[in-house]
Amino acid sequence: MTAASIVGWAHTPFGKFDVETVESLVVKVANEALADAGIAASDVDEIMLGHFNAGFSPQDFTASLVLQANPALRFKPTTRVENACATGSAAVHPGFRAFVAGAAKIVLVVGVEQMTKTPGPEIGKNLLKASYLPEDGDTVGGFAGVFGKIAQSYFQKYGDQSDALAMIAAKNHKNGVANPYAQMRKDFGFEFCRAESEKNPYVAGPLKRTDCSLVSDGAAALVLTDAETARSMGKAVNIRATAHAQDFLPMSKRDILQFEGCTVAWQRALDKAGLQLSDLSFVETHDCFTVAELIEYEAMGLTPKGQGARAIKEGWTQKDGKLPVNPSGGLKAKGHPIGATGVSMHVMSAMQLAGQAPEGMQLKNPQIGGIFNMGGAAVANYVSILEPAK
């Protein structure tokens, strides 16, 4: 029996917001998620906030900003969590465990980031903090440079995969057109994503601009309840299983082309759920860079090692394929406000399973959804398995 269910959600559009602040974004989604669930603020037992920050916001003590949403939230246990780009899922998973422990009936989870007010050079410096600075601190191109090195190593071992990366980018941008929350709703097509141009220059190694996720502002929120409470709600999506595998931070201590923590997290979650990968109706995966999605195909077990390109070239991961990947458009089109991303992935998946995804994004009768949210270069690895409440 499931321990927890998602019964309400909220999601701002992702993009660049001149008039919003971390506080205003948090307040907006917290209130909207509670209203969506039909739950009073006074009934919330615990609050989790995912906020990476790392220099993006001058306000670094942000847990209590959620209380600004409603005076009835005052004195509720509230915790801010951070685990690099997996910060959002790092907030969702403890909320789930509160139900496993029998410590809560209602948990509010919020994820937020505001990145675009930071000057470009500082953005790169802040993002690089999600890597091991003694080894990667001087990497040209910042965090994109780290994944550029990963892509270059992959190409050296398995051959040039530029076509596959361009196909992944084109797929996710095409999917993002139907997502009203996406930062970039434009179908660029394979040819644009494949070719170097003034509008699509190389950024790091073999990675072009279309291979890199966007710098974004935004927030998302979930309301979780215990399974018994969920049965009386207007809608409910069960969290069937979760898993978290943390790997070494230095890439020198592991084979970076394996994404072993991703594999372990997927195996643990599927085992807990009593499922195989083939049982999933779709996956929302962490495409911070297209090469990450490519390697994640292999790490989740969709293809053998070195053959991830098959999944995209043979259409497996398209919306009409055998395992649609990132029907929301992923981080590539939707945007990547770091602390909000993992919560957003859960919102997008819950929408799909409740049959409430936007027109054009909604899959036909999805039954089980998988989520993979990654912090750093396969360091923090979180998997969630969701299904509609029966």
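Predicted model only: the values in this text are computed from it and were never measured.

What counts and how
- Residues numbered from 1 in each chain as written.
- Predicted model: local features only at pLDDT ≥ 70, side-chain atom pairs only at ≥ 80, totals over all residues.
- Heavy atoms only, no water.
- Helix = DSSP H or I, 4+ residues; strand = E, 2+ residues; numbered from the N terminus.
- Buried < 20%, exposed > 50% of the residue type's maximum accessible area, 1.4 Å probe, protein only.
- Expected span 1.5 Å × (residues − 1).
- Pairing = 2+ DSSP bridges.
- Axes fitted to C-alpha atoms, helices over the stretch in contact; angles between N-to-C directions.
- Phe/Tyr/Trp six-rings, centres within 6.5 Å; stacked < 30°, edge-to-face > 60°.

**Side note on unusual backbone geometry**
Next up, step 1: The residue N53 is not glycine, and still its phi comes out positive at about 65°.
Next up, step 2: Topologically, N53 is positioned in the loop between strand 2 (46-50) and strand 3 (78-81).
Next up, step 3: Within the chain, F75 stands out as a residue other than glycine whose phi angle is a positive 75°.
Next up, step 4: Among the structural elements, F75 can be located in the loop between strand 2 and strand 3.
Next up, step 5: The class for F75 is exposed, based on a relative accessible area of 70%.

**Some details on helix 2 (residues 87-100)**
Since the α-helix advances by 3.6 residues per turn, residues separated by three or four positions end up pointing in the same direction.
Next up, step 1: The end-to-end C-alpha distance of helix 2, which contains 14 residues, comes to 21 Å, matching closely the 20 Å that a straight helix rising 1.5 Å per residue would cover.
Next up, step 2: Helix 2 sits mainly inside the fold: eleven of its 14 residues count as buried.
Next up, step 3: Three or more residues of helix 2 are buried, namely T87, G88, S89, A90, A91, V92, H93, G95, F96, A98 and F99.
Next up, step 4: Count one or two residues on from helix 2 and you reach G102, which has phi positive near 70°.

**What to know about the sheet that holds strand 3**
Next up, step 1: Taken together, the nine strands give an open sheet; going across it, the order is 3-2-4-7-1-8-11-10-9, and neighbouring strands pair in mixed fashion. Looking along the sheet, the strands with just one partner apiece sit at the ends: strand 3 and strand 9 (282-284). Between one strand axis and the next, the sheet turns by 25° as a mean value, whatever way the strands run.
Next up, step 2: Pairing of strand 9 with strand 10 (residues 369-375), which is carried by three bridges, proceeds in the parallel orientation. Looking across to strand 10, one finds that F282 is bridged to G369.

**Describing the environment of A243**
Next up, step 1: Counting through the fold element by element, A243 comes out in strand 8 (residues 237-246).
Next up, step 2: Considering only alpha carbons, one finds A243 and Q267, 24 residues apart in sequence, at a separation of 8.6 Å.

**Points about the packing of aromatic side chains**
Next up, step 1: Within this structure, the stated rule accounts for five aromatic pairs.
Next up, step 2: When the centroid spacing of 5.4 Å and the interplanar angle of 65° are considered together, the rings of F143 and F147 count as edge-to-face. Note that F143 and F147 are positioned in helix 5 (residues 142-158) at a spacing of four residues, about one turn of the helix. Across this residue pair, the class does not change: F143 and F147 are buried.

These values are about where atoms sit, not about what they do.
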